[in-house]
Structures are given as structure tokens and as C-alpha cells.
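Chains, contacts and geometry: an overview
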Amino acid sequence: MEKKYKLTDETINVDGRTLYRIEALKDFSDVKKGDKGGFVENEDNLSQSDDCWVYDDAAVYGNARVFGGAIVCDNAIVRDNAVLLTYAKIYDHAEVYGHARLYDHAKAYGNAVVCDNVELSGNARVYGCAEIYGNAVVRDNAEVYDYAVICHNAKVFGDVEVYDSAKVFGNAEVHYHAKVRGNAKVYDNAIVSDNAIIYNNARIYGDAYVYDNARVCGDAYVYGNARVCGDAEVYGNAEVYDDTKVYDDAVVYGNAVVCDHAVVRGNAKVHGFAVVRE
């Protein structure tokens, strides 16, 4: 096989490893013969076939692999056993390491960190100072940015946005146009879906399910097997838990509590220090 690049004599030391700047040996993609690229530890880090390339001062080392049309550029780092393939792109100061896999048109940039056993695919974007780790999966058109964190076994997919300092973890799922922002947390086995928005300091956990156009914000907690859906809103210091359901245009706020097997629906409003139970 005809090689597309060679290792030059220009080296840098990273984490006690010697990395070599690469130089193109032929034209391909937007790379011209003689162009200098970024740094690799050895030829196993960057495929000699396809259009993948390491640009600028980016570095790929350890057992990391870059294949297909994947791109690493600027000052990005790919290391350990991470794999980039198809058209994945890592740039700016982003870092990808551990056993992370990025493929399709996934991108990590800014100061983002993607590591451990994470899978980032589709048109997913991770940027800002966001962190994705553990066994998390982020795919489709999901965007994770600012200081947001997705970790453990969490799954984020569809046209989702998780941003600010929000955190999705445990076995939680966020999907289908939902948004989680502010300092909100979604965890355990909770699900947020279908245009729902969780923000401020809200907490969604246990086996709770918030969906449709529901809003949970302020310092509200939704947990247990609770369901909040439709155009319902839960905010303030309200708590909705157990096997309750809040839906339609119902609003629960203040220091109100809805628990047991209670149902709040229609245009009902539960507020103050009210407690609604079966």
C-alpha cells in the first residue's frame, strides 16, 4: 500500500512519549503533498489509507486510532485506546481518551473531554467545557455544552440539548427535543423526553418520567414513579413523587407536595403548603 504520510524528525514529548510530526507524501482531501500535519507516536495512530488526518499541533498517541475521514486538529488530543472513525472531528483543545469511540459526524471541540467507554455518534456535538465519561452514549443531533456533564450509563439522543452546569447520570435518559439546563440534575432511571424542559436546580430521579411539553424548574423535585407530562409545570420548592401523575395544564408550585397515587390534571393549581395524596 502506498503510504500517504511519513514521520519527520520534528518531535515533542507528551506524557513521557516521543511524538513525531507527520508530512504528507501525496495529495488527498484538502491535504497536499509536502504539507506538515500534527503529531503521532507511530503509524498505528493514523491510518495510511482513507482521508483521515491530524492537523496543526494536534496529537494522537498511545493505542489511539484515527481512521476513515476522521480529523484531529488545532491542539486537540486523542490518546489511550480511543478510536475515531468515519467523519468524526476533534478540534480546539478537546481531549478524547480511555476507550472512547467517536464516529459518524460526531464532533468534540472547545475544551470538551470525552473519555472512558463513551460512544459519541450521529451528528452529536460536545463543546465548551462539557464532560462525557463512564459508559455514556450521546448520539443523533444531541448537543452537550457549557459545563454540562453526561456520565455513568446515561443516554442522550435525539434533538436534545444539555447545557449550563446540568448533569445527566446514573441510568437516566434524555431524548427527543428535551432540554436540561441550569444546575438541573437527571439521574437514577429517570427519563426526560418529548420537548420537556428541566432547569434551575430541579431534580428528576428514581423512575420518574417527565415528557411532552412539561416544565420542571426552580428547586422542584420529581421522583419515585411520578409522571409529569402534557403542558404541566412543577416549580418553586414543590415535590411530586410516588405514583403520582401531573398532566394537562396543571401547575404545582410553592412548597406543595403531590404524592401517593394522586392525580392532578386539567387547569388545577396546587400551591402554598398544600399536600395532595390519594
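Quick caveat: nothing in here was measured; it's all calculated off a predicted structure.

In this fold, arginine 125 is placed in strand β16 (residues 125-126). Despite being buried, arginine 125 has no salt bridge partner; glutamate 143 is the closest side chain of opposite charge, sitting 6.7 Å away. Only 3.1 Å separates the side chain of arginine 125 from the backbone oxygen of histidine 105, close enough to count as a polar contact. One polar contact links the side chain of arginine 125 to the main-chain carbonyl oxygen of asparagine 123, over a distance of 2.6 Å. Ignoring sequence-local partners within four residues, the contact set of arginine 125 consists of His105, Ala106, Lys107, Tyr109, Ala142, Glu143 and Val144.

Pairing of strand β1 (residues 5-14) with strand β2 (residues 17-24) involves 7 bridges; the strand directions are antiparallel. Its bridge partner being in β2, valine 14 is matched across the sheet by arginine 17. Two strands pair when backbone bridges link them, and β2 and strand β3 (residues 36-40) are joined in this way by 3 bridges, in the antiparallel orientation. The residue bridging tyrosine 20 from the neighbouring strand is valine 40, located in β3.

Looking now at unusual backbone geometry. Its identity as a non-glycine residue notwithstanding, aspartate 15 has a phi of 55°, on the positive side. Looking at the element boundaries, aspartate 15 is found in the loop between β1 and β2. A relative accessible area of 59% means that aspartate 15 is categorised as exposed. Phi is positive for serine 29, which is not a glycine, with a value near 50°. On the secondary structure map, serine 29 appears in the loop between β2 and β3. Exposure remark for serine 29: the relative accessible area of 52% places this residue in the exposed category.

What counts and how
- Residues numbered from 1 in each chain as written.
- Predicted model: local features only at pLDDT ≥ 70, side-chain atom pairs only at ≥ 80, totals over all residues.
- Heavy atoms only, no water.
- Helix = DSSP H or I, 4+ residues; strand = E, 2+ residues; numbered from the N terminus.
- Buried < 20%, exposed > 50% of the residue type's maximum accessible area, 1.4 Å probe, protein only.
- Lys, Arg positive; Asp, Glu negative; His and termini not counted.
- Salt bridge = Lys/Arg side-chain N within 4 Å of Asp/Glu carboxyl O.
- Polar contact = N/O pair within 3.5 Å; in protein donor to acceptor, adjacent residues only side chain to side chain.
- Contact = heavy atoms within 4.5 Å.
- Pairing = 2+ DSSP bridges.

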